[in-house]
Amino acid sequence: MLKALKDGQLSELERYEDIMPMDIADYLKHHESKIDLRASIQKKKEQIANNRKEQKTSLIKKVILTLINLNIEPSLAEKYAVKAINELPGSAEAEVTGRALQMFTEKKETKKTKRDNPKKNELQLIIDKGKRNQKSVYESLKEAGFIKSPLDDFAI
């Protein structure tokens, strides 16, 4: 066997099946249909993905243009259009536009309520409570424990 390998004689190598050179062309012809089928399936998947992406892009553009026509800033229109499409995949343009508009109005209302009712911090609440009880700001904060008496530090 080693002598056949050294010499490179095909007639001698054919005697040993495990080291005999293979004819790749016959193998590829035999399995070509499977390889072509896989490639065609992959191409079809890519085409379907591209079509979905194009449809989604065109829907986003239509919804954004509709929202811009309703005097919504372009950046906000894009933001709410994308959110609405993600919430309602496969829906019609009118439904997506309606949902985007609804989200925009909800956000606008929450901003108004936040401005109307400013949240007071803890110190402000303590000060207001002290004013109702006719106490000074210093006394209210001292009772709440925010101010320490200077004499307590020097007590012997």
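### Here we look at unusual backbone geometry
Phi is positive for Asn71, which is not a glycine, with a value near 65°. Following the sequence through the fold, Asn71 ends up in the loop between helix H3 (24–69) and helix H4 (74–87). Phi at Gln134 is positive, roughly 60°, even though this residue is not glycine. Turning to its location among the elements, Gln134 is positioned in the loop between helix H6 (122–132) and helix H7 (137–144). Judged by relative accessible area, Gln134 falls into the exposed class, the value being 76%.

### Remarks on the packing of H3 against H4
Following both chains from N to C, one finds H3 and H4 inclined at 135°, their axes separated by 9 Å at the closest point. Viewed along their axes, H3 and H4 adopt a mutual orientation that is oblique. As for how H3 packs across H4, the hand of that crossing is right-handed. Across from Lys56, Leu59, Ile60, Val63, Ile64, Leu67 and Ile68 in H3, the residues of H4 making contact are Pro74, Ala77, Glu78, Ala81, Val82, Ile85 and Asn86. Residue composition of the contact of H3 with H4, grouped by class: 11 nonpolar, 1 polar and 2 charged.

### Here's the deal with the pattern of salt bridges
Taken as a whole and assessed by the stated rule, the structure comprises 2 salt bridges. Across the pair Glu87 and Arg99 runs a salt bridge, and its minimum N-O distance is 2.7 Å. Of the two residues, Glu87 is situated in helix H4 and Arg99 in helix H5 (residues 93–116); the sequence distance between them amounts to 12 residues. The partner of Glu143 in a salt bridge is Lys135, with the nearest N and O atoms 2.6 Å apart. Judged by relative accessible area, Glu143 falls into the exposed class, the value being 56%. Classification of Lys135 by relative accessible area gives partly exposed; the value is 28%.

### Points about the nonpolar core
Val63, Leu67, Val96 and Ala100 are the most contacted members of the largest nonpolar core, which totals 15 residues. Elements that contribute at least two residues to this core include exactly H3, H4 and H5. Not counting residues up to four positions away in its chain, the partners in contact with Val63 are Ala81, Glu93, Val96, Thr97 and Ala100.

### Focus: a nonpolar patch on the surface
Nonpolar side chains collect at one region of the surface, where Ile24, Tyr27, Leu28 and Ile35 lie side by side and expose about 410 Å² of accessible area between them. For Leu28, the position within the fold is in helix H3.

### Observations regarding the packing of H6 against H7
H7 packs onto H6 with a crossing angle of 120° between their chain directions and a minimal axis gap of 9 Å. By the criterion of interaxial angle, the relationship of H6 to H7 is oblique. Relative to H7, the crossing made by H6 is right-handed. Where H6 approaches H7, its residues Leu123, Ile126, Ile127 and Gly130 are matched on the opposing element by Val137, Ser140, Leu141 and Ala144. Split into classes, the residues belonging to the contact of H6 with H7 amount to 6 nonpolar, 2 polar and no charged.

Cut-offs used in this document
- Positions within a chain are numbered from 1, following the residues in the order the chain's sequence is written.
- Given that the model is predicted, a residue must reach a pLDDT of at least 70 before its local features are reported, and side-chain atom pairs must reach 80 or more before they are shown or counted; all residues, however, enter totals for whole chains, interfaces and linings.
- Only hydrogens and water are set aside; all other atoms, that is, all heavy atoms of the structure, feed into the side-chain values.
- Every helix listed is a DSSP run of H or I at least four residues long, and every strand listed is a run of E at least two residues long, numbered separately from the N terminus.
- Exposure classes here rest on a 1.4 Å probe applied to the protein chains alone. A residue is buried below 20% of its type maximum, exposed above 50%, and partly exposed in between.
- For helices, the fitted line uses only the C-alpha atoms of the stretch in contact; every axis is such a line through C-alpha atoms, and the angle between N-to-C directions lies from 0 to 180 degrees.
- For classification purposes, angles smaller than 35 degrees are called roughly parallel, those larger than 145 roughly antiparallel, those between 65 and 115 roughly perpendicular, and all remaining angles oblique.
- By the definition used in this description, the sense in which the near helix is turned from the far one sets the handedness, with an anticlockwise turn below a right angle giving left-handed and a clockwise turn giving right-handed.
- Contacts between residues were defined by any pair of non-hydrogen atoms, one from each residue, lying within 4.5 Å.
- Polar here means any residue outside two lists: the nonpolar Ala, Val, Leu, Ile, Met, Phe, Trp, Tyr, Cys and Pro, and the charged Asp, Glu, Lys and Arg; Gly therefore counts as polar.
- Whenever a carboxyl oxygen of Asp or Glu lies within 4 Å of a side-chain nitrogen of Lys or Arg, that contact is scored as a salt bridge.
- Among buried residues, the Ala, Val, Leu, Ile, Met, Phe, Trp, Tyr and Cys ones that are joined through side-chain atoms within 4.5 Å form a nonpolar core.
- Patch building starts from residues that exceed 30% relative accessible area and form no salt bridge, then joins like charges within 9 Å and nonpolar side chains (Val, Leu, Ile, Met, Phe, Trp, Tyr) within 5 Å.
- Per-residue and other accessible areas follow the Shrake-Rupley method at a 1.4 Å probe size, with only the shown protein chains counted as cover for residues.

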